[in-house]
Every structure is written in C-alpha cells, then in structure tokens.
Amino acid sequence: MEAAIETIMELGFAQASIGQIAKRAGISKGVITYHFPSKDELIDFIVTELYTDGAEFLSQIMQEQTASGMLRSYIESNLAFIRTNPRHVAAVAEIILNMRTEDGKLRYVGLNDDPILVPLIEIIQWGQREGEFREFTDFGAKVLAMTIRGTIDGTASLMMSDPRFDFDLYTAELITLFERATCKMGEGNHKEDK
C-alpha cells in the first residue's frame, strides 16, 4: 500500500501501474497480484483504508454537545487526520479526481455529491434550529458545507507543497473563518471586520 501511495504521488494515478508499484516496493508483480488481482482492487483497498482510519479518527466529533462545538471539532479532527496522513490523503485525492468507470464517469463520490456533505449540512441545520447559527437556505447550507469540505480536502496538497506551512495557524484561521461565517448578525463582528 505504501509503495502504491508513493508511486501515485510521484507518477500520478494514470501512470501508477502494478509494474511501477512492484518496482518501487522491490517485489515482483506476482506478489502484488496474488493479494490484489487488479490495480482497481488495490486502489479500492487504499481508499477504503483511508476512510476507515479517518472514521475512527473523527469519532470524537460525536462527543460535542453543541453545533458550534461539533463544527469546530469536525474541522480540527479532519485537519489533524490530514496532518498525520498527508501522503495517503493526497494520493486518495489524486485517485478520486482521476479514477473512472468503464463508461468514463468518476468512480468515487466527488465533492459536490451529497453523501460527503450530509454530516456538515446536518451540523449547520442543527445550529440553525438551536439558534446558534444564522439562517441558511438549504442551498446556502450546502454551499457552506462544500466550502468547508473543499478547504479541508485541499490541505494535504498545501502542506506538502510548502515546507513552511504552519498547520496550527492554518487550523486556527479556518476555525475562525467558519465560526464567523455561521454567526448571527451582530455576533462575532469585530471592529477590524468592518
């Protein structure tokens, strides 16, 4: 799996063949195909492993008692997971953007698909019902969820491309940005914001 991730990161998804992965791992193609008969099965395993690890890592979100606490925890937990697994996250992003079915459609769920956004939309709607967050239309809640998810998903590439990337400052700024985006009018506004 590590050899596949490194090969995808170096050569891109399209060029990361079983042969290239075996070469990087210093083993024969047969060893890989014994466990994963096709590149698709190996890629499915890599994606599944990331999502499984991520789900366990993000379980702390459910301990929050407020929508604002849950939103903060969602952002912090996702970014902490990326900080711990930047190459795996970046490789899966490469896979999601490039792996296609036989009829040419993207194989994995994309950013604009609802299943990825549902947890965030639910947090936003809960915050509205509880009076913590400003009012959003259904479309507005989806746009905010897409923006949060897109910002989180781009973090691994930013982190890997800039050796001076300040992860803690980045996390704090994103939390502040999205707290201000959800606050009711008159709340959270500071002189420097005007």
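In what follows, the structure referred to is the one given above.
### A short note on the environment of Ile175
Tracing the backbone through its elements, the reader meets Ile175 in helix 10 (residues 167-182). A C-alpha to C-alpha distance of 36 Å links Ile175 and Thr101, two positions 74 residues apart in sequence. Residues contacting Ile175, with those up to four places away along its chain left out, are Arg72, Ile75 and Glu76.

### With respect to the nonpolar core
One finds Ile43, Ile46, Ile75, Ile95 and Ile148 to be the most contacted residues of the largest nonpolar core, which totals 51 residues. Looking at this core, the elements that each hand over two or more residues are helix 1 (2-11), helix 2 (18-25), helix 4 (39-57), helix 5 (67-84), helix 6 (86-98), helix 7 (114-129), helix 8 (138-153) and helix 10. Here Ile46 is in contact with Met1, Ala4, Ile5, His88, Val92 and Ile95, once residues within four sequence places are set aside.

### Digging into the pattern of salt bridges
The tally for this structure, following the rule as stated, stands at 9 salt bridges. Across the pair Asp40 and Arg107 runs a salt bridge, and its minimum N-O distance is 3.5 Å. Taken together, the residues Asp40 in helix 4 and Arg107 in the loop between helix 6 and helix 7 connect sequence positions 67 residues apart. Judged by its relative accessible area of 37%, Asp40 falls in the partly exposed class. Note that Arg72 and Glu179 form a salt bridge whose closest N and O atoms lie 2.8 Å from each other. Residue Arg72 is located in helix 5, and its partner Glu179 is located in helix 10; the two are separated by 107 residues in the primary sequence. Overall, Arg72 belongs to the partly exposed group, its relative accessible area being 34%. Given the relative accessible area of 33%, Glu179 is considered partly exposed.

### Topic: the packing of aromatic side chains
For the coordinates displayed, the defined rule picks out 3 aromatic pairs. When the centroid spacing of 5.3 Å and the interplanar angle of 50 degrees are considered together, the rings of Phe36 and Phe45 count as tilted. With relative accessibility at 33%, the residue Phe45 sits in the partly exposed group. Look at Phe165 and Tyr170: their rings are 5.0 Å apart centre to centre, the planes differ by 55 degrees, and that puts the pair in the tilted class. Neither residue differs from the other here; Phe165 and Tyr170 are each classed as buried. Among the aromatic residues, those joined into a ring-pair cluster are Phe165, Phe167 and Tyr170.

What counts, and where the lines are drawn
- Residues numbered from 1 in each chain as written.
- Predicted model: local features only at pLDDT ≥ 70, side-chain atom pairs only at ≥ 80, totals over all residues.
- Heavy atoms only, no water.
- Helix = DSSP H or I, 4+ residues; strand = E, 2+ residues; numbered from the N terminus.
- Contact = heavy atoms within 4.5 Å.
- Core = buried A, V, L, I, M, F, W, Y, C linked by side-chain atoms within 4.5 Å.
- Buried < 20%, exposed > 50% of the residue type's maximum accessible area, 1.4 Å probe, protein only.
- Salt bridge = Lys/Arg side-chain N within 4 Å of Asp/Glu carboxyl O.
- Phe/Tyr/Trp six-rings, centres within 6.5 Å; stacked < 30°, edge-to-face > 60°.

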